[in-house]
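Coordinate inspection notes
What follows is the residue order along each chain.
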Amino acid sequence: MSDPQRHPPLHPDIGLLTGLVGSWRGEGTGEYPTIDTFSYTEEVTFGHVGKPFLTYGQRTRAGDDGRPLHAETGYWRAVAPERVELVLAHPTGVTEIATGSVRVVPTDDTAGVTVIELVSTMIGLTPTAQSVTGLERTFRLQGDTLDYTLRMAAVGEPMTHHLAASLRRVVAP
Ligand code: HEM
């Protein structure tokens, strides 16, 4: 039997975020007015230590030649039943603080889709980071599928679509 000190149960405040826990893999497409459109593959892992936050790690590779692209790491804090706070670090010299809502939207089947909408409240930039002034993320979680879109205000452009991806839960063998 696993040691409950080392492997505590999920904190009850994780609530509607529970379905995120695990590993995800999939593909996405990126665009922005200043760059060429690109495709990418992505791996995401949400973990927990029994406290009211999820650990989060993401890494991506280019769809054409597999070279590493963006990565990000941080925490999703479950601060109230339908509220979440993000604390993320990006290797591009950007830190992202965001707050948002988590709600279940009814669908034709009984399960519903969990919609998470996040808007940055504070972006930190190292002296050499590119100018990023705002980020918005929308996640849609339905069973073993996690879709998201990301918009950003950056390099002089207003809030504009940058990413859309669809991930599938990685089932342990
Ligand atoms: C799945 C995650 C992401 C992927 C795969 C990705 C990929 C890319 C790629 C391939 C470019 C083109 C230029 C380059 O190769 O660097 C780019 C540009 C850029 N990305 Fe992302 N990105 C991701 C997430 C983000 C996030 C979260 C931010 C902000 C924190 C961001 C900010 C930017 C900026 C500022 C540019 C530069 C635009 C320009 O130079 O005109 N990206 N991204």
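Please refer to the structure higher up on the page.
Quick look at the structure, then.

The rules behind these values
Residues numbered from 1 in each chain as written. Predicted model: local features only at pLDDT ≥ 70, side-chain atom pairs only at ≥ 80, totals over all residues. Heavy atoms only, no water. Donors = N, O, S within 2.8 Å, 3.2 Å for Na, K, Ca; no water. Helix = DSSP H or I, 4+ residues; strand = E, 2+ residues; numbered from the N terminus. Salt bridge = Lys/Arg side-chain N within 4 Å of Asp/Glu carboxyl O. Buried < 20%, exposed > 50% of the residue type's maximum accessible area, 1.4 Å probe, protein only.

With that settled, the discussion passes to the coordination of the iron atom of the ligand. Protein coordination of the iron atom of the ligand is limited to a single donor, His162 (NE2), which sits 2.3 Å from the metal. For His162, the position within the fold is in strand β10 (residues 157–169).

Further remarks concern the pattern of salt bridges. When the charged atoms of two side chains with opposite charge come close together, those side chains can pair. According to the stated counting rule, one finds nine salt bridges in the structure shown. For the salt bridge of Asp64 with Arg67, the shortest nitrogen-to-oxygen distance reads 3.0 Å. Judged by relative accessible area, Arg67 falls into the partly exposed class, the value being 41%. With a shortest N-O distance of 2.9 Å, Glu96 and Arg137 are connected by a salt bridge. Note that Glu96 is positioned in strand β6 (residues 94–105) and Arg137 in strand β8 (residues 132–142), a separation of 41 residues in sequence. As far as burial versus exposure is concerned, Glu96 and Arg137 are alike and both buried. Among the charged side chains, a network of salt bridges with common partners joins Asp64, Asp65 and Arg67.

Spatial relationships are all this shows, so hold off on functional conclusions.
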